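Okay, here's what each chain looks like letter by letter:
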Amino acid sequence: MILLVVDVQKGITNDRLYAYESFINNITELINTARSNNVEVIYVQHDDGPGSGFSIGDEAFEIAEQVAPNSDEKVFVKTINSCFGNHDFAEYLKDTGEKELMIIGLQTNFCIDATIKSAFERGYRVIIPAESNSTFDNDYMDAETTYRYYNEMMWPKRFAECVSMEAAIKLLQKM
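First, a word on scope: everything that follows refers to the structure included in this document. (Residues numbered from 1 in each chain as written. Predicted model: local features only at pLDDT ≥ 70, side-chain atom pairs only at ≥ 80, totals over all residues. Heavy atoms only, no water.)

With that out of the way, let us pick up the side chain of Ser 134. The topology assignment puts Ser 134 in strand 6 (residues 133-134). The residues contacting Ser 134, other than those within four sequence positions of it, are Leu 17, Tyr 18, Phe 23, Gly 105, Leu 106, Gln 107 and Thr 108. (Helix = DSSP H or I, 4+ residues; strand = E, 2+ residues; numbered from the N terminus. Contact = heavy atoms within 4.5 Å.)

Turning next to helix 4 (residues 143-154). Between the first and last C-alpha of helix 4 there are 15 Å, a value that for 12 residues agrees with the 16 Å anticipated at 1.5 Å per step. Of all the positions in helix 4, only Ala 143, Thr 146, Tyr 147, Tyr 150, Asn 151 and Met 154 are classed as buried. Relative to the axis of helix 4, the buried residues are bounded by an arc of 125 degrees and lie together on one face. Where the residues of helix 4 are buried, they touch helix 3 (108-121), strand 5 (125-129), strand 6 and strand 7 (161-163). Measuring from the side-chain oxygen of the N-cap residue of helix 4 to the backbone nitrogen of Glu 144 gives 3.2 Å; that N-cap residue is Asp 142. (Expected span 1.5 Å × (residues − 1). Buried < 20%, exposed > 50% of the residue type's maximum accessible area, 1.4 Å probe, protein only. Arc of directions from axis to C-beta. Polar contact = N/O pair within 3.5 Å; in protein donor to acceptor, adjacent residues only side chain to side chain.)

Tracing the chain through its elements places Asn 25 in helix 1 (residues 20-36). For Asn 25, a relative accessible area of 48% corresponds to the partly exposed category. For the pair formed by Asn 25 and Glu 100, sequence separation is 75 residues and the distance between their alpha carbons is 23 Å.

Further remarks concern unusual backbone geometry. A cis amide bond, omega -25 degrees, links Leu 106 with the succeeding residue Gln 107. Assignment of secondary structure puts Gln 107 in the loop between strand 4 (100-106) and helix 3. Backbone geometry at Ala 19 places phi at a positive 50 degrees, although glycine is not the residue there. Checked against the element boundaries, Ala 19 lands in the loop between strand 1 (2-6) and helix 1. Judged by relative accessible area, Ala 19 falls into the partly exposed class, the value being 26%. Backbone geometry at Lys 157 places phi at a positive 65 degrees, although glycine is not the residue there.

The tally for this structure, following the rule as stated, stands at 8 aromatic pairs. Ring geometry for Phe 120 versus Phe 159: centroids 5.3 Å apart, planes at 85 degrees, classification edge-to-face. Of this pair, Phe 120 sits in helix 3 while Phe 159 sits in the loop between helix 4 and strand 7, and the two are 39 residues apart along the sequence. For Phe 159, a relative accessible area of 22% translates into the label partly exposed. For the pair Tyr 149 and Tyr 150, a centre-to-centre distance of 5.0 Å together with 90 degrees between the ring planes defines the contact as edge-to-face. Following the ring pairs from residue to residue traces out a cluster consisting of Phe 76, Phe 84, Phe 89, Tyr 92 and Tyr 124. (Phe/Tyr/Trp six-rings, centres within 6.5 Å; stacked < 30°, edge-to-face > 60°.)

So, in structure tokens, the structure goes:
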């Protein structure tokens, strides 16, 4: 199993996120559990392009301090929603032979959704721990409704196994 930490970047990791405190606490616990059980942790950052304010060199682009990678952990940069849009990332995963991904991060309705579906289409077992992804209010749904739509209706029994934090921790400890 690989723990994939998606887009937990300074510019969007703040208390406007749905269930912000539990989100941060949960992903921190998952990262620490993975590390202590020798489960590889991979980070991915989204780059909106030069001049966007959310690109390489911008403060907002940097990974949030609460979940910063260790110096030996891989970090990939993507320019589209799915992490698999980064060829080096996709090839690295393929080369590892690993077929299980636990995916956490931001945002539920954009990069998390796209990455889950791309992983599923490539034959990965996808695991999504409760309250380990989040998003903001949008023009159509508030953040809680958006979170619940994907985690309770869209992904389960279709694209991913949505599990409790307790179950996710146990999965990481078995590795």
